[in-house]
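# Per-entry structural report
If you want the building blocks of each chain, they are given just below.
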Amino acid sequence: MSKIKRVHRSGRRLFKGIVFLTICGAIIGFFVYVPFFTLKEVKLNGAENLTVEDILKVGDIYIGEPIFELETDKVKSRLENDLRIESVTVRRIVPSRLEVTVKERKAIATIVCDYGYLDLDKNGKIIDSYKNLREMSIPMITGSQVKDKYIGDDVENEIVLQILVFLQKLDAEALEKLSEVAIISADYIVAYTATEKSVQIRIGKLEERMDEKANLVQDFLHDLDNNPHDVEYADFSYTAPFIKLAR
């Protein structure tokens, strides 16, 4: 008799387990496939040039797909492989929205290469290349030429990388007012303004007092338009800054 009871109890437990799993499966299926929980909107934050259409294409995302089937880690990984994107976060917002926040990779300088010109981001990554020189809103690095490098590669020249670190310290307004940063030697860097009458800015050795020099250059560039006097050159290579006025 006790054996029969145990068999009945085991049968009841099995039946309850099957019922429980069936109910769980039905609930999961409801949340995954019910139209209320499908992707209807992608909200894009932080983009200046990228569009929602770009995000959908690169991230392999489809409007109307079940939102719980979207694997945000895989979407993030696909987006990070796009050279235009420096960093990205992807967040699922129930019931029907995906929020994507990007930090775009920006060109900070241009440099000559063996087949034309390259745009570099702040870390020295090549994010664009072209044969003919364009109208630029970023400075050209001269005195060094990159060879056998292409989009997606990294520039390894130490002086060029130091210049990129220096340029990062300038705000957008100051950066636009520079037309060229010239490598005269490893220990002597000179910049030129993008004004109608170009002004030379002597920076000297970048490793020495870089933050101080960046602040001096930025302030000089900000004040240049309001300066009533013509400037021949500014010398910030020494601890005592010197500005020579034109005669």
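This section reports on the structure supplied with the text.

Let us look at the nonpolar core. Within the largest apolar cluster, 37 residues are counted, with the highest numbers of intra-cluster contacts made by Ile163, Phe166, Leu167, Leu170 and Ile201. Discounting chain neighbours no more than four positions away, the residues touching isoleucine 201 are Leu178, Ile189, Val190, Ala191, Thr193, Val217, Phe220, Leu221, Ala234 and Phe236. In terms of nonpolar packing, the next biggest core, distinct from the first, is built from 17 residues, Phe37, Leu56, Val88 and Val90 among them.

So, on to the sheet that holds strand S5 (residues 116–120). Reading across from one edge, S6-S5-S4-S7-S8-S9-S10-S11-S12 is the order of the nine strands in this open sheet, with mixed pairing throughout. The open sheet has two free edges, formed respectively by strand S6 (126–130) and strand S12 (242–245), since each of these has just one partner strand. Across the sheet, the mean angle separating the axes of adjacent strands is 25° when strand polarity is ignored. With six bridges connecting them, strand S8 (residues 178–185) and strand S9 (residues 188–193) associate as antiparallel partners. The residue bridging alanine 182 from the neighbouring strand is valine 190, located in S9. Against the sheet, helix H4 (residues 158–168) engages strand S4 (109–113), S5, strand S7 (140–146), S8, S9 and strand S10 (200–204), with an angle of about 145° to S8. Each of S8, S9, S10, strand S11 (231–235) and S12 touches helix H6 (residues 210–224); the most contacted strand, S10, lies at about 170° to it.

What follows concerns the side chain of threonine 193. Locating threonine 193 in the fold gives a position in strand S9. By relative accessible area, which is 1% here, threonine 193 ends up buried.

The terminal C-alpha atoms of H6 lie 21 Å apart, and with 15 residues this matches the ideal 21 Å at 1.5 Å per residue to within 8%. When H6 is considered as a whole, its buried residues turn out to be Met210, Lys213, Ala214, Val217, Gln218, Phe220, Leu221 and Leu224. End-on view of H6: buried residues confined to an arc of 165°, all on one side of the axis.

Take the environment of leucine 164 next. With respect to the helices, strands and loops of the structure, leucine 164 is situated in helix H4. With 55 residues separating them in the primary sequence, leucine 164 and alanine 109 have C-alpha atoms 7.4 Å apart. Not counting chain neighbours up to four residues away, the residues in contact with leucine 164 comprise Ile108, Ala109, Leu120, Asp121, Lys122, Asn123, Gly124 and Ile141.

Read from one edge of the open sheet, three strands run S1-S3-S2, paired in mixed fashion. The strands lining the two open edges of the sheet, one partner per strand, are strand S1 (41–45) and strand S2 (85–93). Each adjacent strand pair in this sheet contributes to an overall mean axis angle of 20°, direction not counted. Sitting on the sheet, helix H3 (residues 72–80) is in contact with S2 and strand S3 (97–104), with an inclination near 160° to S2.

Within the span of helix H2 (residues 52–59), buried status applies to Ile55, Leu56 and Gly59. Taken end-on, H2 shows its buried residues confined to a sector of 100°, consistent with a single buried face. Along H2, the residues that are exposed and aim more than 90 degrees away from the buried face are Glu53 and Lys57. The secondary structure elements touched by the buried residues of H2 are S1, H3 and S3. Of the residues flanking the end of H2, it is aspartate 60, one or two places downstream, whose phi is positive at about 55°.

Our next topic: the packing of aromatic side chains. Following the criterion strictly, the structure yields four aromatic pairs and no others. With 5.3 Å between their ring centres and 10° between their planes, tyrosine 115 and tyrosine 150 make a pair best called stacked. Placement of the pair is tyrosine 115 in the loop between S4 and S5 and tyrosine 150 in the loop between S7 and H4, with a sequence separation of 35 residues. Tyrosine 115 sits in the partly exposed class, given a relative accessible area of 29%. Consider the rings of tyrosine 117 and tyrosine 130, whose centres lie 6.2 Å apart with planes at 25°: the pair is stacked. Placement of the pair is tyrosine 117 in strand S5 and tyrosine 130 in strand S6, with a sequence separation of 13 residues. Positioned over the ring face of tyrosine 233 is arginine 202, at 3.7 Å from the centre of the ring.

Further remarks concern the pattern of salt bridges. Applying the stated criterion across every chain yields a total of 16 salt bridges. Between aspartate 121 and arginine 105 there is a salt bridge, with the nearest N and O atoms lying 2.9 Å from each other. Residue aspartate 121 is found in the loop between S5 and S6, and its partner arginine 105 is found in the loop between S3 and S4; the two are separated by 16 residues along the sequence. In this pair, the class of aspartate 121 matches that of arginine 105, namely buried. Members of the salt-bridge network, linked through shared partners, are Asp54, Asp82 and Arg84.

Cut-offs used in this document
Residues numbered from 1 in each chain as written. Predicted model: local features only at pLDDT ≥ 70, side-chain atom pairs only at ≥ 80, totals over all residues. Heavy atoms only, no water. Core = buried A, V, L, I, M, F, W, Y, C linked by side-chain atoms within 4.5 Å. Buried < 20%, exposed > 50% of the residue type's maximum accessible area, 1.4 Å probe, protein only. Contact = heavy atoms within 4.5 Å. Pairing = 2+ DSSP bridges. Helix = DSSP H or I, 4+ residues; strand = E, 2+ residues; numbered from the N terminus. Axes fitted to C-alpha atoms, helices over the stretch in contact; angles between N-to-C directions. Expected span 1.5 Å × (residues − 1). Arc of directions from axis to C-beta. Phe/Tyr/Trp six-rings, centres within 6.5 Å; stacked < 30°, edge-to-face > 60°. Lys NZ or Arg CZ within 6 Å of the ring centre and 35° of its normal. Salt bridge = Lys/Arg side-chain N within 4 Å of Asp/Glu carboxyl O.

In short, the description is geometric, and any link to function would need to be established separately.
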